[in-house]
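# Observations on chain architecture
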Amino acid sequence: MEPLVSIITPMFNCSKVITATIESVKSQSYKNWELILIDDASTD
């Protein structure tokens, strides 16, 4: 089994690009990952 890779993505007022960010991670060839999104008190 491949090692688990954690992808930690800080977010601040990024509602316009967060979907593209998530889709980019999902489209990678490496499949054993977790995506952790950290919101820093966004207003959007």
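Structure shown above.
This report concerns the structure included in the present document. (Residues numbered from 1 in each chain as written. Predicted model: local features only at pLDDT ≥ 70, side-chain atom pairs only at ≥ 80, totals over all residues. Heavy atoms only, no water.)

## Some thoughts on unusual backbone geometry
We count it as follows: Here a helix means four or more residues in a row that DSSP labels H or I, a strand means two or more in a row labelled E, and each is numbered from the N terminus. Here's how the labels work: a residue is buried when its accessible area is under 20% of the maximum for its type, exposed when over 50%, partly exposed in between, all with a 1.4 Å probe on protein chains only.
Phi at N13 is positive, roughly 50°, even though this residue is not glycine. Looking at where N13 falls in the secondary structure, it is placed in the loop between β1 (5–11) and α1 (18–26). N13 sits in the partly exposed class, given a relative accessible area of 33%. A positive phi angle, close to 60°, is found at A41, a residue other than glycine. You can see A41 is positioned in the segment after β2 (33–39). Here A41 falls in the exposed class, since its relative accessible area comes to 61%.

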